[in-house]
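Breakdown of the fold
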Amino acid sequence: MNTDEREEVIDVTDVRRVYGGGFEAVRGITFSVGRGELFALLGTNGAGKTSTVELLEGLAAPAAGRIRVLGHDPHTERAAVRPRTGVMLQEGGFPNELTVAETIRLWAGCTSGARPATEVLDMVGLTRRSTIRVKQLSGGEKRRLDLGLALLGRPEVLFLDEPTTGLDAEGRRDTWDLVRALREEGTTVLMTTHYLEEAEALADRLAILHEGRIAASGTPAEVTAAQPSRISFELPEGFFLGDLPPLAELGVTGHETSGRTVLLRTEELQRTATALLLWADRAGVALRGLDVRSASLEEAFLRIAERETARSRGESAGHEAADTRSNGTSTERAAA
Ligand SMILES: Nc1ncnc2c1ncn2[C@@H]1O[C@H](COP(=O)(O)OP(=O)(O)OP(=O)(O)O)[C@@H](O)[C@H]1O
């Protein structure tokens, strides 16, 4: 999409969220989502995903920063935003005694321009479960009902908080297909997920949150391209690692060996792979089990989480050291 044409449907600038006890769960995040885009928020447990989504849904006001959804403040102008958005929370909370169809009709009664219940049931694959009481649904079926309710009002913007948690593989694929179809129709989707293959499959862009801050963002390809690629192979019989050309000259930034299997990491995949294959050719050997691949989103995620955890440990160690220096005499006195 040409950036000049891009219509920002969700616009978040330097937003913070502080809970009652003073804990800062969201520490100054900035991102935007264009119309028809699917944006995924990723992060380890407690990174601040739900805290962020709740702000976008207008359920709470940010402690600082600015949020616009469809051009409005979702908290103070909730009446303008809410009818145009669909929300699937992590915990649905339906009346247990109603059937699936009754639940949809009840919600439809409060939704202007609601889709017919039969259409919603079909979209989320619950047609054959329509007369079942909600309390008898499986966890995955409840997630589908949740999604159906979020879709009732034909939302322009859809917030999905872990939409496929608890779904089996088939249910997850069905949900992906549905989300893709909605995006094709122009729905803007912001979702959180713990499934990195889900983000890789669906997201146009994503952000990885860590301790309330955005640690990485971009298209899935951009986020993974920033991580080293991997080349693995078996060392030919009679050869040792030292027989390869110097690894640094091959552009290798790290390596591991396990038995005869060698794993090389490189940020210059083409150069390293070419040099390795030329070497094998000249040496007249075959590299068995040769596997050349870019980092997956999962690898990128794990490396970013490791890096950020190390950084925050380093920062807190630095602060402790600074505290010790500033209180140095008292520590020394205590030790004395
Ligand atoms: N009501 C609350 N009061 C105080 N702290 C809270 C509250 N809700 C969440 N937190 C804290 O805020 C941080 C972020 O929580 P949040 O639920 O946003 O994370 P998350 O990324 O959605 O995690 P998960 O993947 O586990 O759902 C956590 O440390 C959590 O303990």
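Residues numbered from 1 in each chain as written. Predicted model: local features only at pLDDT ≥ 70, side-chain atom pairs only at ≥ 80, totals over all residues. Heavy atoms only, no water.

Naming follows an unreviewed UniProt entry, where the protein chain appears as ABC transporter ATP-binding protein of Streptomyces griseoaurantiacus. Check the Subcellular location (unreviewed entry) section of the UniProt entry for the protein chain; it says "Cell membrane". (UniProt positions renumbered as here; feature names shortened; annotations may be inferred.)

Some details on the site of the ligand
As a matter of local geometry, the ligand sits amid 14 residues, with Gly46, Lys49, Thr50, Ser51 and His194 nearest to it. Tyr19 places a polar side-chain atom, nitrogen or oxygen, 3.4 Å from a nitrogen atom of the ligand. Contact distances for the ligand include 2.9 Å between an oxygen atom and a backbone N or O atom of Gly48. In the complex, the protein chains occlude 62% of the 640 Å² of accessible area that the ligand would expose alone. No other element matches the 3 residues that helix H1 (residues 49-56) contributes to the shell around the ligand. Within the shell around the ligand, the residues separate by chemical class into 4 nonpolar, 8 polar and 2 charged. (Near = heavy atom within 4 Å. Polar contact = N/O pair within 3.5 Å; in protein donor to acceptor, adjacent residues only side chain to side chain. Areas by Shrake-Rupley, 256 points an atom, 1.4 Å probe, with all protein chains shown as cover. Helix = DSSP H or I, 4+ residues; strand = E, 2+ residues; numbered from the N terminus. Nonpolar A, V, L, I, M, F, W, Y, C, P; charged D, E, K, R; others polar.)

Focus on H1
Among the 8 residues in H1, 6 count as buried, and that is most of the element. Among all positions in H1, only Lys49, Ser51, Thr52, Val53, Leu55 and Leu56 are buried. Two residues or fewer past H1, Gly58 is found with a positive phi of approximately 80°. (Buried < 20%, exposed > 50% of the residue type's maximum accessible area, 1.4 Å probe, protein only.)

Some words on the packing of aromatic side chains
Per the stated rule, a full pass over the model turns up 2 aromatic pairs. Pairing Phe31 with Phe39 gives two aromatic rings, centres 4.8 Å apart and planes at 5°, and the pair type is stacked. Taking relative accessible area as the criterion, Phe31 reaches 7% and is therefore assigned buried. Of the residues examined, Phe39 reaches a relative accessible area of 2% and is grouped as buried. A centroid spacing of 5.6 Å and a plane angle of 85° characterise the contact between Phe239 and Trp279, whose relative ring orientation is edge-to-face. One end of the pair, Phe239, is in the loop between strand S10 (229-234) and strand S11 (252-258); the other, Trp279, is in helix H9 (residues 269-283), with 40 residues separating them in the sequence. Cation over ring: Arg172 sits above Tyr195, and NZ or CZ is 3.7 Å from the ring centre. (Phe/Tyr/Trp six-rings, centres within 6.5 Å; stacked < 30°, edge-to-face > 60°. Lys NZ or Arg CZ within 6 Å of the ring centre and 35° of its normal.)

Considerations on the pairing of S11
With 6 bridges connecting them, S11 and strand S12 (residues 261-266) associate as antiparallel partners. Within S12, the position partnered with Glu256 by the bridge is Leu263. Hairpin connection, S11 to S12: the antiparallel pair is bridged by 2 residues, and Gly259 has positive phi, about 60°. (Pairing = 2+ DSSP bridges.)

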